[in-house]
Amino acid sequence: MIKVSAPGKIHLLGEHAVVYGKPALLTTVDLRVNVILSAAKDLSRMRDTSNKLKKVIEPIVKKYLKIQTIPPYQLNISSQIPIGSGLGSSAAVSASYIAALLSFLKVQWDLNLINDLTFEAEKVFHGNPSGGDNFTVCFGGLVWFRKSDQDRQIKPLNINISPKLSKNFCLINTGTPKESTKKMVENVKELSKKKPKLFKAFLQNQERLTKKMLSAIKKGNEDDLIRIIRTGEKNLESIGVVSPYAASIIKKIEKVGGAAKICGGGGKTKATGVLLAYHQDKKKLTEVAMSYNLPCYTITLGTEGLKQES
Ligand code: MEV
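Criteria and cut-off values
- Residues numbered from 1 in each chain as written.
- Predicted model: local features only at pLDDT ≥ 70, side-chain atom pairs only at ≥ 80, totals over all residues.
- Heavy atoms only, no water.
- Pairing = 2+ DSSP bridges.
- Helix = DSSP H or I, 4+ residues; strand = E, 2+ residues; numbered from the N terminus.
- Axes fitted to C-alpha atoms, helices over the stretch in contact; angles between N-to-C directions.
- Contact = heavy atoms within 4.5 Å.
- Buried < 20%, exposed > 50% of the residue type's maximum accessible area, 1.4 Å probe, protein only.
- Expected span 1.5 Å × (residues − 1).
- Polar contact = N/O pair within 3.5 Å; in protein donor to acceptor, adjacent residues only side chain to side chain.
- Patch = residues over 30% accessible without salt bridge, like charges linked within 9 Å, V, L, I, M, F, W, Y side chains within 5 Å.
- Areas by Shrake-Rupley, 256 points an atom, 1.4 Å probe, with all protein chains shown as cover.
- Salt bridge = Lys/Arg side-chain N within 4 Å of Asp/Glu carboxyl O.
- Lys, Arg positive; Asp, Glu negative; His and termini not counted.
- Charge placed at Lys NZ, Arg CZ, Asp CG, Glu CD.
- Parallel < 35°, antiparallel > 145°, perpendicular 65-115°, else oblique.
- Left-handed = near helix turned anticlockwise from the far one by under 90°.
- Nonpolar A, V, L, I, M, F, W, Y, C, P; charged D, E, K, R; others polar.
- Near = heavy atom within 4 Å.
- Core = buried A, V, L, I, M, F, W, Y, C linked by side-chain atoms within 4.5 Å.

## A closer look at the sheet that holds strand β7 (residues 274-278)
- Ordered in space as β6-β7-β5-β8, the 4 strands form an open sheet in which the pairing is antiparallel. Two strands bound the open sheet, and with one partner strand each, they are β6 (259-262) and β8 (296-298). Between one strand and the next, the sheet's axes are offset by a mean angle of 25 degrees, whatever the strand orientation.
- Strands in contact with helix α8 (residues 222-237) are β5 (169-173), β6 and β7; relative to β6, the strand with the most contacts, it is inclined by about 35 degrees.
- Against the sheet, helix α9 (residues 244-255) makes contact with β5, β6 and β7, and its axis sits at roughly 160 degrees relative to β6, the strand it touches most.

This is the structure:
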């Protein structure tokens, strides 16, 4: 029996701009996907829990190994990561499944290989992904990701977010957006063509703010962090990836002295997945979430990436 797990991720900042080669700052969260894979005696005994996933993952593995068939196996996936919420569920599931399948086939793997193959799966799911999600769930920790760095096999940043800051983050789940990440990325592409000036300003702001955020995190500067999250959120609103519903929750958090932003692709209609929220007094965040009848959970940031469980 092979067990592999991978964490979810959040974008501290840089989402969408990262598709256009700008940097993004990401980190893992302590919500994990667990994949258990074991040999099955025959095909009829294979439990088809996730057919769609198999249809994506198996061809990628077969192509890489230059093989035609895979012996029968049973697949069991359990996940703490809500699907379609901006927490990188597809990357975490694909990465752990690919790693488990390679182990099952007695193929040695390392994180670089799983990252590369998971990127192929992400392309099927999301059309034109940056590769940031798969990179983060594979390597774990705090990650500075730039699309152009992919080939250089960059490693995560060797720093932790200071507990003074990290203890004040919460996730508020607004629900699964009507629009997929793929659709949101396509919408942004259209906007970039229709409003090139606005889009250029968005990209420049995201880059500047993402760099500032890393510096605020390194210094443990709370005031700067709150300012950057608020400005970063406004910048994301300027490209239409924050629904009026999510914007109203975020405004309420700002009114009580905190900051919040969408996290990942966002949404246009109502739900936008999780909001990353920050406040010195987390009770205030819970109160705002409760006033919208939404769950608010405390998370640990920077947890370990993909790993084979014993
Ligand atoms: C999705 O989690 C984040 C986006 O920037 C898309 C990507 O990076 O592939 C919206």
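## With respect to the pairing of β7
- Most of β7 sits inside the fold, with 5 of its 5 residues counted as buried.
- Side-chain alternation along β7 places V274, L276 and Y278 on one buried face and L275 and A277 on a second face that is also buried.
- Relative to β7, β5 runs antiparallel, the two being bridged by 5 bridges. Within β7, the position partnered with C170 by the bridge is A277.

## Observations regarding helix α7 (residues 196-219)
- Spanning 24 residues, α7 covers 35 Å between terminal C-alpha atoms, matching the ideal 34 Å at 1.5 Å per step.
- Every buried residue belonging to α7 is among F199, F202, L203, Q206, E207, L209, T210, M213, L214, A216 and I217, and all of these are buried.
- Residues of α7 that are buried make contact with β1 (2-13), β2 (24-39), β4 (142-145), α5 (163-166), α6 (181-194) and α8.
- With its phi angle positive at about 70 degrees, G220 sits one or two positions after the end of α7.

## Regarding the side chain of N168
- Relative to the elements of secondary structure, N168 occurs in the loop between α5 and β5.
- Within the local environment of N168, its side chain forms a polar contact with the backbone oxygen of K164, the two atoms lying 3.2 Å apart.
- Among the polar contacts listed, one links the side chain of N168 to the side chain of Y278, at a separation of 3.0 Å.
- Contacts of N168, omitting those with residues within four sequence positions, involve E222, A277, Y278, H279, Q280, K282 and L285.

## Structural notes on a positive patch on the surface
- Among the surface-exposed residues, K183, K194, K195 and K268 lie close enough to one another that they form a single positively charged patch.
- Among the structural elements, K195 can be located in the loop between α6 and α7.
- Assessed through its relative accessible area of 46%, K195 is described here as partly exposed.

## Looking at the packing of α7 against α8
- Packing of α7 against α8 leaves a shortest axis separation of 10 Å and a crossing angle of 160 degrees. Here α8 runs roughly antiparallel to α7, going by the angle between their axes. Here α7 and α8 pass one another in a crossing that is left-handed. Touching F202, N205, Q206, L209, K212, M213, A216 and I217 of α7 are D224, L225, I228, I229, T231, G232, N235 and L236, all from α8.
- Here the contact of α7 with α8 is composed, by residue class, of 9 nonpolar, 5 polar and 2 charged.

## Quick word on the site of the ligand
- Taken together, the residues surrounding the ligand are K9, H11, E15, H16, V18, V19, P129, S130, D133, T181, G264 and G265.
- Within the side chain of K9, an N or O atom sits 3.1 Å from an oxygen atom of the ligand.
- Backbone polar atom of H16 to an oxygen atom of the ligand: 2.9 Å apart, as the coordinates give it.
- A total of 300 Å² of accessible area belongs to the ligand in isolation, and the protein chains cover 95% of it.
- Class assignment of the residues belonging to the shell around the ligand gives a composition of 3 nonpolar, 6 polar and 3 charged.

## As for the nonpolar core
- In terms of nonpolar packing, the biggest core is built from 71 residues, with I10, L12, I57, L101, F169, M213 and I217 touching the most fellow members.
- Broken down by element, this core gets its largest block of residues, 11 residues, from helix α2 (residues 89-104).
- Membership of the second largest hydrophobic core comes to 26 residues, among which are A17, V188, Y245 and I262.

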